[in-house]
Amino acid sequence: MISKTELVAETLPVREDRCAEEGWRGELSRAVSDPEELLTMLGLPRELLPAATAAARRFPLRVPRGFVARMRRGDPNDPLLLQVLPLGRELEEVAGFVGDPVGDLSAAAAPGLLHKYQGRALLIVAGGCAVNCRYCFRREFPYADHPLTGAAQRQALRYLAADPTLSEVILSGGDPLLWGDGRLAALAEELARIPHLRRLRVHTRLPIVLPERVDDRLLGWLTGTRLQPVMVVHANHPREIDGAVAARLRRLREAGVTVLNQAVLLAGINNSAAVLGELSEVLFAAGVLPYYLHLLDRVRGAAHFEVEKARAARIVGEMATQLPGYLVPKLVREEAGQNAKVPVELQVSA
Ligand SMILES: *Cc1c(COP(=O)(O)O)cnc(C)c1O
Ligand code: SF4
């Protein structure tokens, strides 16, 4: 852990720090965004291209190269590929699948700040993501209308300071770790000055898709204030956790960060007790506990990923008969207007 003075010094443009940052930023800027390039890299048939190009026009393709390297070549059904490859099916209109399925827009308490649940407020600190997940409930979220910059950040901090019932702030997005560490360190310091806040939580997929992002600078601000640090990462399939990812997850834990995982239950990707059980095992080996397993939010373009609720209840019920309780994620669904993520009752067979 580094001291606050060192943190301030760190935000100065020291040459080697800049290089470290350019490391993950470089990876980010080299992310694959051209469907044709992705198909070529993986040796996949060109017949997939017209649909991919059409679907990418609505929600662009974006995937870091390190994540592509974990996909199986020549397999159009690879569970990592299916999370990022634009498909023609996304363009089908399906009843009940809409633009803002979780009611985010109506919950904005200030620009860039969602306060839906008691005691916790969520800051949308960065609009974009390192990866565009095809099932994302924010695929149509108008990030640009909710930026947390300058005046908006001051307004959000005033809101947080004025509500003593808040004990936790969640940095979310988009992906909050797309911000540089200097900016995040300054924000963490400001939050630590609000006396009723106790915890700083970060919701991010970067440690999974771009593990280089977890470095000493990040650990510096995350563990460098009086706020207790929690990180919730997002992996859906055990093959997302390779050696490099596991090593960075362990570093977070060794630095004193409580690390949890949330996953989305996705047809054709992780809809079995075997795959999800293996995910829990590899995460735990890296020091991460499963937290939530979300039923798909019914966002337009994602209908083909849906696993029906009764099936989900059986899958997680089966996990409960095979694993220690702490390796069974909480199966939940998000319902607009509810005060918590709504638990789904498991179906455990004898
Ligand atoms: C999911 C969510 C949270 C966090 O909920 P937990 O149950 O504490 O993980 C907070 N705010 C918003 C708006 C959310 O969507
Ligand atoms: S990382 Fe999360 S917010 Fe970003 S596209 Fe994927 S699911 Fe959506």
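Conventions and cut-offs
- Residues numbered from 1 in each chain as written.
- Chains lettered and ligands numbered in written order.
- Predicted model: local features only at pLDDT ≥ 70, side-chain atom pairs only at ≥ 80, totals over all residues.
- Heavy atoms only, no water.
- pLDDT = per-residue confidence, 0-100.
- Contact = heavy atoms within 4.5 Å.
- Patch = residues over 30% accessible without salt bridge, like charges linked within 9 Å, V, L, I, M, F, W, Y side chains within 5 Å.
- Areas by Shrake-Rupley, 256 points an atom, 1.4 Å probe, with all protein chains shown as cover.
- Salt bridge = Lys/Arg side-chain N within 4 Å of Asp/Glu carboxyl O.
- Helix = DSSP H or I, 4+ residues; strand = E, 2+ residues; numbered from the N terminus.
- Buried < 20%, exposed > 50% of the residue type's maximum accessible area, 1.4 Å probe, protein only.
- Near = heavy atom within 4 Å.
- Polar contact = N/O pair within 3.5 Å; in protein donor to acceptor, adjacent residues only side chain to side chain.
- Nonpolar A, V, L, I, M, F, W, Y, C, P; charged D, E, K, R; others polar.
- Pairing = 2+ DSSP bridges.
- Axes fitted to C-alpha atoms, helices over the stretch in contact; angles between N-to-C directions.
- Parallel < 35°, antiparallel > 145°, perpendicular 65-115°, else oblique.
- Left-handed = near helix turned anticlockwise from the far one by under 90°.

### Points about the confidence of the model for the chain
Move 1: The predicted model of the chain averages 92 in pLDDT, with 91% of residues at 70 or higher.
Move 2: For residues 1-16, every residue scores under 50 in pLDDT, and the model assigns this stretch 17 contacts once sequence neighbours within four places are set aside.

### Some remarks on a nonpolar patch on the surface
Move 1: Together, Phe 284, Leu 289 and Tyr 326 line one region of the surface with nonpolar side chains, adding up to about 280 Å² of accessible area.
Move 2: For Leu 289, the position within the fold is in strand β8 (residues 289-294).

### What to know about the pattern of salt bridges
Move 1: Throughout the structure, instances matching the rule amount to 19 salt bridges.
Move 2: Measuring nitrogen to oxygen at the nearest pair gives 2.7 Å for the salt bridge that ties Glu 168 to Arg 199. Remark: Arg 199 occurs in strand β5 (residues 199-203) and Glu 168 occurs in strand β4 (residues 168-173); sequence separation between them is 31 residues.
Move 3: Arg 199 gets classed as partly exposed once you look at its relative accessible area, which sits at 26%.
Move 4: In this structure, Glu 306 engages Arg 298 in a salt bridge whose closest nitrogen and oxygen atoms are separated by 3.0 Å.
Move 5: Owing to a relative accessible area of 35%, Arg 298 belongs among the partly exposed residues under this scheme.
Move 6: Overlapping salt bridges, with partners in common, bring together Glu 90, Arg 134 and Arg 139 in one network.

### Side note on the site of ligand 1
Move 1: Every residue lining ligand 1 is accounted for by Lys 116, Tyr 117, Arg 120, Leu 122, Ile 170, Arg 201, Tyr 291, Tyr 292, Glu 334 and Lys 341.
Move 2: In the model, an oxygen atom of ligand 1 is placed 2.6 Å from a nitrogen or oxygen of the Arg 120 side chain.
Move 3: Within the side chain of Tyr 292, one N or O atom sits 2.6 Å away from an oxygen atom of ligand 1.
Move 4: Look at ligand 1: alone it shows 390 Å² of surface, and the protein chains cover 91% of it.
Move 5: Only β2 (113-117), β3 (120-126) and β8 provide two or more residues apiece to the shell around ligand 1.
Move 6: Class assignment for the residues of the shell around ligand 1 results in 5 nonpolar, no polar and 5 charged.

### Some thoughts on the sheet that holds β2
Move 1: Spatial strand order, β1-β2-β3-β4-β5-β6-β7-β8-β9-β10: 10 strands in an open sheet with mixed pairing. Pairing within the sheet leaves two strands with one partner each, and these edge strands are β1 (108-110) and β10 (342-343).
Move 2: Sheet topology note: the β5/strand β6 (residues 228-234) ladder contains 5 bridges and is parallel. What sits directly across from His 203, in β6, is Val 232.

### A word on the packing of helix α12 (residues 273-285) against helix α13 (residues 309-322)
Move 1: It is at 9 Å that the axes of α12 and α13 come closest, and there the two elements cross at 55°. The pairing of α12 with α13 is recorded here as oblique in orientation. As α12 runs across α13, the sense of the crossing is right-handed. Touching Ala 273, Leu 276, Gly 277 and Ser 280 of α12 are Ile 315, Glu 318, Met 319 and Gln 322, all from α13.
Move 2: Split into classes, the residues belonging to the contact of α12 with α13 amount to 4 nonpolar, 3 polar and 1 charged.

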